[in-house]
Amino acid sequence: MSDDQRDQTPAEPDAQAAVAAGPQPEPIRFFGTTWVDHDGGYALRRAGLAIGSLTTAVAAALLLRLSYEGLEIGNVGPFLSISVVVLFAISSSIAFTKTWASFSRRPAPSSDEAALKGLKTIGFIGSLIAYFLRCLGEAPGEKLHRAEYERAQTEYARRRSTRTGNPAARRPKRKK
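A quick note: this is a predicted structure, and the numbers were derived from the prediction, not measured. (Residues numbered from 1 in each chain as written. Predicted model: local features only at pLDDT ≥ 70, side-chain atom pairs only at ≥ 80, totals over all residues. Heavy atoms only, no water.)

Before going further, it helps to spend a moment on helix H6 (residues 124-137). End to end, H6 covers 21 Å across 14 residues, agreeing with the expected 20 Å (1.5 Å per residue, within 8%). Taken together, the buried positions of H6 are occupied by Ile125, Gly126, Ser127, Ala130, Tyr131, Phe132, Arg134 and Cys135. At its buried positions, H6 is contacted by helix H3 (42-73), helix H4 (78-102) and helix H5 (117-122). (Helix = DSSP H or I, 4+ residues; strand = E, 2+ residues; numbered from the N terminus. Expected span 1.5 Å × (residues − 1). Buried < 20%, exposed > 50% of the residue type's maximum accessible area, 1.4 Å probe, protein only. Contact = heavy atoms within 4.5 Å.)

Here is the structure:
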């Protein structure tokens with residue numbers, strides 16, 4: 001076969017396009033779609049991410065402790081020192097709450113998530129702890145994604161189920 005003939009042959013259908021019938025699972029960060037069947041190193045990824053997020057939270061807490069000691073060395077006064085501790089405690093608790101809630105429900109389109117982005121950045125330790133705790137039980141957001149995926153599968157199966165007869169050929173119902 002010459003090069004010209006090879007160029008004119010139709011391409012074989014993509015094997016993945018045939019498999020893509022129906023709803024596809026939404027990938028989760030760090031897990032991809034391994035959460036569907038818990039394969040592809042799912043348990044190892046969960047353990048690694050739990051350890052990584054806890055290690056990062058501990059390192060961040062140590063860094064905040066060193067910065068607090070720097071404030072004490074700088075002799076800035078008790079008001080500023082207490083204010084910094086309270087600010088990080090409140091922002092961490094808000095970040096933990098918002099991150100934990102984001103694993104079980106999608107935010108509303110007009111929610112305050114964008115307004116709290118800076119506060120969640122300051123309280124990143126709370127987000128890391130929420131991520132660690134969720135990794136102990138499942139991939140973060142797996143329960144939400146699984147419910148949405150199963151709902152989409154049942155709706156797809158319901159839509160694709162065969163009907164008996166041709167609806168256009170049916171006789172109209174009699175009026176009484």
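This is not the end of the story, as more comes after the structure.
Take the nonpolar core next. Of all hydrophobic cores here, the largest spans 13 residues; its most connected members are Phe31, Trp35, Tyr42, Leu49, Tyr131 and Cys135. Mapped onto this core, the elements with two or more residues apiece are H3 and H6. Not counting residues within four places of it along the chain, the set of residues in contact with Tyr42 comprises Phe31, Thr34, Trp35, Glu138, Ala139 and Glu142. (Core = buried A, V, L, I, M, F, W, Y, C linked by side-chain atoms within 4.5 Å.)

Counted by the stated rule, this structure contains 1 cavity of 30 Å³ or more. The calculated volume of the largest cavity comes to roughly 30 Å³. Tallied by class, residues from the lining of the largest cavity come to 2 nonpolar, 1 polar and 3 charged. (1 Å grid on protein atoms, 1.4 Å probe; cavity = no way out; pocket = protein on both sides within 12 Å on 5 of 7 lines; lining within 4 Å. Points joined across faces, edges and corners; volume = space filled by probe spheres on them. Nonpolar A, V, L, I, M, F, W, Y, C, P; charged D, E, K, R; others polar.)

So, about the packing of aromatic side chains. Enumeration according to the criterion identifies 5 aromatic pairs in this entry. With 6.5 Å between their ring centres and 85° between their planes, Phe30 and Tyr131 make a pair best called edge-to-face. Placement of Phe30 in the loop between helix H2 (15-19) and H3 and of Tyr131 in helix H6 is noted, with a sequence separation of 101 residues between them. Judged by relative accessible area, Phe30 falls into the partly exposed class, the value being 48%. Under the relative-accessibility criterion, Tyr131 is labelled buried at 16%. Measuring from centroid to centroid gives 5.7 Å for Phe31 and Tyr42, while their planes differ by 50°, and the two rings are tilted. Highlighted residues: Phe31 in the loop between H2 and H3 and Tyr42 in helix H3, separated in sequence by 11 residues. Of the two residues, Phe31 and Tyr42, neither departs from the other in class, the shared state being buried. One aromatic cluster is present, formed by Phe30, Phe103 and Tyr131 through successive ring pairs. A cation sits over an aromatic face here: Arg134 above Trp100, 4.4 Å from the ring centre. (Phe/Tyr/Trp six-rings, centres within 6.5 Å; stacked < 30°, edge-to-face > 60°. Lys NZ or Arg CZ within 6 Å of the ring centre and 35° of its normal.)

Here H3 contains 32 residues, and its C-alpha end-to-end distance of 46 Å stays within 8% of the 46 Å for a straight helix at 1.5 Å per residue. Residues of H3 that are buried include every one of Tyr42, Arg46, Leu49, Ala50, Ser53, Ala57 and Ala60, and no others. The inward-facing, buried residues of H3 abut H6 and helix H7 (142-160). Once H3 finishes, Asn75 follows within two positions and takes phi at roughly 55°, a positive value.

Take the packing of H4 against H6 next. One can describe the packing of H4 onto H6 by two numbers: an axis separation of 7 Å at closest approach and a directional angle of 40°. Here H4 lies oblique to H6, going by the angle between them. Two packed elements cross with a definite hand, and for H4 against H6 that hand is right-handed. On the side of H4, the interface is formed by Ser92, Ala95, Phe96, Thr99 and Trp100, while H6 contributes Ile125, Gly126, Ser127, Ile129, Ala130, Leu133 and Arg134. Split into classes, the residues belonging to the contact of H4 with H6 amount to 7 nonpolar, 4 polar and 1 charged. (Axes fitted to C-alpha atoms, helices over the stretch in contact; angles between N-to-C directions. Parallel < 35°, antiparallel > 145°, perpendicular 65-115°, else oblique. Left-handed = near helix turned anticlockwise from the far one by under 90°.)

Turning our attention to the pattern of salt bridges. Counting across every chain of the model gives 5 salt bridges. With its nearest N and O atoms 2.8 Å apart, the salt bridge here joins Glu26 to Arg106. Note that Glu26 is positioned in the loop between H2 and H3 and Arg106 in the loop between H4 and H5, a separation of 80 residues in sequence. Classification of Glu26 as partly exposed rests on a relative accessible area of 37%. Taking the relative accessible area as the measure of exposure, Arg106 reaches 40% and is therefore partly exposed. Of the charged contacts in the structure, one is a salt bridge between Glu142 and Arg146, with a shortest N-O distance of 2.9 Å. Taken as a pair, Glu142 and Arg146 lie in helix H7 at a separation of 4 residues, close to a single helical turn. (Salt bridge = Lys/Arg side-chain N within 4 Å of Asp/Glu carboxyl O.)

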